[in-house]
Amino acid sequence: MYMAYGWPQVIPLELPNCASTQQIVYLKVVNRLLLVVCPTHLELWSSSQHRVRLGKYKRDAESIRREGENLQAIWSPDTKLIAILTSSFYLHIYKVQFTEKKILIGGKQPTGLFLANVSLLLGEQVPFANNNLTVSNLICDNKHMLIGLSDGSLYNISWKGEFCGAFSPAVLPNSTIIANKLSHHLGNGLPSVGVQAVGGSNHVNHVVSQTRAIVHLEFSITLRLLFVLFSDGELIQCSVSKRGLKHAESILVERSLGSGEAVCASVAPEQQILAVGTRKGTVELYDLADSASFMRSVSLHDWGYCAEDTGPVKCIAWTPDNSSFAVGWKLRGLTVWSISGCRLMSTIRQIGLSSVSSPVVKPNQDLKYEPMMGGTSFMHWDEHGYRLYAIEERSSERIIAFSFGKCCLNRGVSGTTYARQVIYGEDRLLIVQSEDTDELKILHLNLPVSYISQNWPVLHVAASRDGMYLAVAGRHGLILYDIRLKRWRVFGDITQEQQIQCQGLLWLGKIVVVCNYVDSSNTYELLFYPRYHLDQSSLLCRKQLLTKPMVMDVYQDYLLVTYRPFDVHIYHVKLAGQLSPSSTPDLQLSTVRELSIMTAKSHPAAMHFIPDQLPREHTLRSDIASSSDLLTREPARCLILRMNGELSLLDLDDGREIELTHSVELFWVTCGQSEEKTNLIEEVSWLDYGHRGMQVWYPSPGVDPFKQEDFLQLDPELEFDREVYPLGLLPNAGVVVGVSQRMSFSACTEFPCFEPSPQAQTILHCLLRHLLQRDKREEALRLAQLSSEKPHFSHCLEWLLFTVFDAEISSQNSSKNQAAGANHTTTLLEKTCDLIRYFPEYYDVVVSVARKTDGRHWADLFSAAGRSTELFEECFQRRWYRTAACYILVIAKLEGPAVSQYFALRLLQATLDESLYELAGELVRFLLRSGREYEPTNTDSDRDSPRFLGYFLFPSSFRKQPQDAKTTSFKEQSAHVASVKSILQSHASYLMSGKELSKLVAFVKGTQFDLVEYLQQERYGSARLDNFASGLEMIAQKLHMGTLQSRLDAEFLLAHMCSVKFKEWIVVLATLLRRSEVLFDLFRHDLRLWKAYNITMQAHPAFAEYHDMIEELDEKLSSAVDVEES
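Note that the structure is predicted; figures quoted are calculated from it, not measured.

Our focus in this paragraph is the nonpolar core. Of all hydrophobic cores here, the largest spans 164 residues; its most connected members are Phe402 and Phe1003. Among residues more than four places away in sequence, those in contact with phenylalanine 402 are Pro8, Leu334, Met345, Thr347, Pro371, Met372, Tyr386, Arg387, Leu388, Ala390 and Phe754. Of all hydrophobic cores here, the second largest spans 42 residues; its members include Leu44, Ile74, Phe128 and Phe163.

The omega angle of the peptide bond from tryptophan 456 to proline 457 is 0°, so this bond is cis rather than trans. Looking at the secondary structure, you find proline 457 in the loop between helix 3 (449–455) and strand 34 (460–463). Unlike most non-glycine residues, arginine 394 shows phi in positive territory, near 60°. In this structure, arginine 394 sits in the loop between strand 29 (387–392) and strand 30 (398–407).

Burial runs high along helix 5 (residues 764–773): nine of the ten residues are buried. For helix 5, the set of buried residues is Leu764, His765, Cys766, Leu767, Leu768, Arg769, His770, Leu771 and Leu772.

For the rest of this paragraph, the subject is the sheet that holds strand 17 (residues 225–230). The sheet built from four strands is open, its strands ordered 16-17-18-19 with antiparallel pairing. Of all the strands in the sheet, the pair left with one neighbour each is strand 16 (214–220) and strand 19 (251–257). Mean inter-strand twist for the sheet, computed between neighbouring axes without regard to direction, equals 25°. Pairing between strand 16 and strand 17: six bridges, direction antiparallel. Counted as the bridge partner of serine 220 is leucine 225 from strand 17.

Along the polypeptide, arginine 593 turns up in strand 45 (residues 586–596). Taking relative accessible area as the criterion, arginine 593 reaches 17% and is therefore assigned buried. Among all residues touching arginine 593, those that are not within four sequence positions of it are Val568, His569, Ile570, Glu634, Leu652 and Asp653.

Reading across from one edge, 46-47-48-49 is the order of the four strands in this open sheet, with antiparallel pairing throughout. Every other strand in the sheet has two partners, leaving strand 46 (604–610) and strand 49 (657–661) as the edge strands with one partner each. The mean inter-strand angle of the sheet, taken between neighbouring strand axes irrespective of direction, is 25°. Bridge analysis of strand 46 against strand 47 (residues 637–642) gives six bridges, and the strand direction is antiparallel.

Take the pairing of strand 47 next. Across the six residues that make up strand 47, a large majority, six, are buried. With burial as the criterion, each face of strand 47 is covered, one bearing Arg637, Leu639 and Leu641 and the other bearing Cys638, Ile640 and Arg642. Hairpin geometry of strand 47 and strand 48 (residues 647–651) is characterised by an intervening segment of four residues between the two adjacent antiparallel strands and by a positive phi of about 90° at glycine 645.

Attention now goes to the packing of aromatic side chains. A full pass over the atoms with the stated rule returns 33 aromatic pairs. Aromatic pair tyrosine 517 and tyrosine 524: ring centres 5.0 Å apart, planes at 45°, arrangement tilted. With relative accessibility at 12%, the residue tyrosine 524 sits in the buried group. Consider the rings of phenylalanine 862 and tyrosine 887, whose centres lie 6.2 Å apart with planes at 75°: the pair is edge-to-face. Residue phenylalanine 862 is located in helix 10 (residues 858–865), and its partner tyrosine 887 is located in helix 12 (residues 881–895); the two are separated by 25 residues in the primary sequence. An aromatic cluster of at least three residues, connected via ring pairs, comprises Phe872, Phe876, Tyr881, Tyr902 and Phe903.

The tally for this structure, following the rule as stated, stands at 46 salt bridges. Ionic pairing is found between arginine 66 and glutamate 62, a salt bridge with its closest N-O pair at 3.6 Å. Residue arginine 66 and its partner glutamate 62 are both found in helix 1 (residues 61–67); the two are separated by four residues, about one turn of the helix. Overall, arginine 66 belongs to the partly exposed group, its relative accessible area being 42%. One salt bridge connects arginine 642 with glutamate 657, and the closest N-O pair in it is separated by 2.8 Å. Taken together, the residues arginine 642 in strand 47 and glutamate 657 in strand 49 connect sequence positions 15 residues apart. For arginine 642, a relative accessible area of 1% gives the class buried. Via salt bridges that share partners, Glu14, Glu43, Arg53, Lys56 and Lys58 belong to a single interconnected network.

Two numbers describe how helix 23 (residues 1076–1083) lies on helix 24 (residues 1087–1099): the axes approach to 8 Å, and their chain directions differ by 130°. One way to sum up the angle between helix 23 and helix 24 is to call them oblique. On helix 24, the residues that touch Leu1079, Leu1082 and Phe1083 of helix 23 are Leu1087, Leu1089, Trp1090 and Tyr1093. Residues that form the contact of helix 23 with helix 24 fall into these classes: seven nonpolar, no polar and no charged.

Moving on, we come to the pairing of strand 13 (residues 154–158). Extensive coverage of strand 13 is indicated by the burial of five of its five residues. Burial along strand 13 is two-sided: the face carrying Leu154, Asn156 and Ser158 and the face carrying Tyr155 and Ile157 are both buried. Sheet analysis places strand 12 (residues 144–149) next to strand 13, joined by five bridges and oriented antiparallel. Bridging across to strand 13, methionine 145 finds its partner in isoleucine 157.

Summarising burial for helix 22 (residues 1063–1073): nine of the eleven residues are buried, a large majority. Taken together, the buried positions of helix 22 are Trp1065, Ile1066, Val1067, Val1068, Leu1069, Ala1070, Thr1071, Leu1072 and Leu1073. At the exit of helix 22 stands arginine 1074, carrying a positive phi of roughly 55°.

Thresholds, definitions, all that
- Residues numbered from 1 in each chain as written.
- Predicted model: local features only at pLDDT ≥ 70, side-chain atom pairs only at ≥ 80, totals over all residues.
- Heavy atoms only, no water.
- Core = buried A, V, L, I, M, F, W, Y, C linked by side-chain atoms within 4.5 Å.
- Buried < 20%, exposed > 50% of the residue type's maximum accessible area, 1.4 Å probe, protein only.
- Contact = heavy atoms within 4.5 Å.
- Helix = DSSP H or I, 4+ residues; strand = E, 2+ residues; numbered from the N terminus.
- Pairing = 2+ DSSP bridges.
- Axes fitted to C-alpha atoms, helices over the stretch in contact; angles between N-to-C directions.
- Phe/Tyr/Trp six-rings, centres within 6.5 Å; stacked < 30°, edge-to-face > 60°.
- Salt bridge = Lys/Arg side-chain N within 4 Å of Asp/Glu carboxyl O.
- Parallel < 35°, antiparallel > 145°, perpendicular 65-115°, else oblique.
- Nonpolar A, V, L, I, M, F, W, Y, C, P; charged D, E, K, R; others polar.

Written out as structure tokens, the structure is:
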């Protein structure tokens, strides 16, 4: 798995010295060298830690005029020769020779880079120069190269500059694939030799001449396969014998591939997969190990982009380990996909389809920072997969380099990152911080400069079993990181560090195991170092290996080493003495098992022990494995993931292998892997991920738990988004951690920053359902109790009940005429409800599941969960009023409107007492509608369900509701409307009597209570102010006018008091708000009231703060009186 991070970097190219075509001709990265061929020159760069131009060759203007610009190019496998074909069909062969001039960076230590001389060895016109032909790209082996011509032929040229002639593959009208030598000779071509077809026939058929042009060639030296793409989209596969490309008769046409719309192709030799790009913008994958059968296709169609937006596929580039591939389109962008079809990275911005800038490319300001906006012409990964070099279409000025991190895919001889999710880049680690699973974060951990500067890049990373230590190895040596203490541990002796060429890392408890390559003797060995000291003096053991190991694994004190072709060796590790700096421990390895298995299957990519779980009768002390729950016992089985994605189970006793599934990218063995008692996934044997998504494997109840048909259980709820790639597990949280790409844009940078974003997906509901299906109720309860404090627990219970109930509904729909058809599912529903009932989340979970399902099925749900009225009553007694309110609609549906109105009135009174006014307002609206909408014969009462229940679950989005209460007049004197009015008026009187004005405002806003009508009725009742001075003082204390909300509440009340001309309240509120204009309008028509107000305010010291306002009013009123008298 590859994930982009950071900002793309730019490698500037030299501008041409004359007018030329703005198009790069060739790009390739080999052996830490990057070659780019431009129309008028070529440049050689280092692609290692320091990107430096090592050499160049610039053609003069006369050469370009006479022989044309560079058109096609190829680099020899040994990187010593470069062949370039010009637009006037001249062949130039250049020699690359490194000098002894070292390059220094910043005047400090040498980088190991040397300047290169590029010189022209040969320049000669090709024999077919005058035939008005066009050419395809070049492909080559160590001695020869081929180029496709527009007449359908392939032309052979040696690296010595010899022109060896042409031959032409062709297709019969009946689709029998054959090939034939051209009837004519070109230049110094070889004699005509027929090219045979493979198809069961022993004779050579005659060819019907066709004039299709060859537009693209793809060649795999490893697989010895040649793919020829014609202009009409036809793609044929040819096998090449060990004799290479020199002899035409050694190339046999095997089959035709694709849908007839191919425009490019790329081979993954390790996976034996062919990726074919099409005109429609899709990429089709074919399994070359299975007669080139179609596997799957990937495209951006599901993201809203079609061929009109991106154009056809222009180029495809596989990562070095063939686990992912990059796709570049002709018109816009590039994307990286995993082999299973997960979109790992994309330069194309994902904006809503309604946006003017998506998906169609428009000259919009929002898109100016998108990389590869004009399309992608060339791409190539570096040899480690840390950088993807890309060139934009119609660009010759620069190369854009994207930085990538790799996930520890549990493959090869490096250990897993089971409890710690790590993505590693060329000089850093990206660690998922998962202490708080509510918000996962990525931590960038830079390696010590003293180590990585000498041993760039990072090659191997392994995490200890508890996830608290990381072992990291570069080109030489290794370093350890303590996550708790945030400290690095390195070799004190650099000489010892340089003697280690790590080929893989494993953790054996507190011991780190290094697979070391000894250069001097060309041998491999295992080195065992304690984690507290990296030094030769602390080396615990040195074990010589037979040859280079293919796969390694460890479980407790057992070590597995596998060699090619398939020889398995298992060692037992015994440690004598205390593992501490103060003692001298002794470690010994003894061989306990050797297997040599003959098989025609592909090589293993990963192998992991499957521990046998037995209860431990006594505790064994071990510094290697300190599990207190499992008896240390030699594992008898192991899982094998092969290079082609096949997952199988190997019995180590008899060597039998059972195929389990295919198309798997990675897997995690979960049973017996955690020392914590809070491990939530111990019931799972393992999980795997592939193009079908996540699969959970449970042990079966049979005698042999690995042979039952129901061993594999697929959970559709575990399907990951195709933008989220799973990294690992958090066993103590019961979640799978995945990562997806995000892009952040900034106005100060040309390109966006790529940010890996971790995401968590719980699997607890799958585990609980599995246990309940097997009637393991006690185990399910213990597992749920262990998880009860986890952040996702309530969501898991809800998802568990929903999936079980949804399965029952589906079962009932599929077997309506079979009375006993749903008995088992109903029983499972009852088990689920019984389990959830142990937890206080039960009442929320049940009503949340009801909200997500059709009301027609509520009776089935509550027959297992309990009567809705009883659940309401329980919530009501516990004062969980919001949850209780969600049951009102269920009661109305199942028990009738009269019962629901009774419970709603009770709940309304309780919510008013608790000042839950928004909730009370929704209850009021429900009660006022229920008399009309819930008729006895009406069964379509679900139309209010989404809005009503949505209010209780998402109250913030329902605060501004239509004023239903105003349109529904309180003057309807039906029985329950009168009850509602009585309850509201009583509560309003209670608030007004106590002068709880802030609560009164919230009450009026929440319930839409008619405050104006109430004030008119209670002018001389509860709303009356007996004494102005005491009223002003008390209301000032109640409202706390120093806060904004209190001032807003006072303004709200003042507006209502003005509407009913309630002078006492107007004076008090206007004074508190210092609204002198309101007081002026009131007093100018009632000077007697002004005099009483003035005397009262002057007489009380507590009102001294208002004296300035009184003086201002006095002046205004005096002026007004003078004006009126005059």
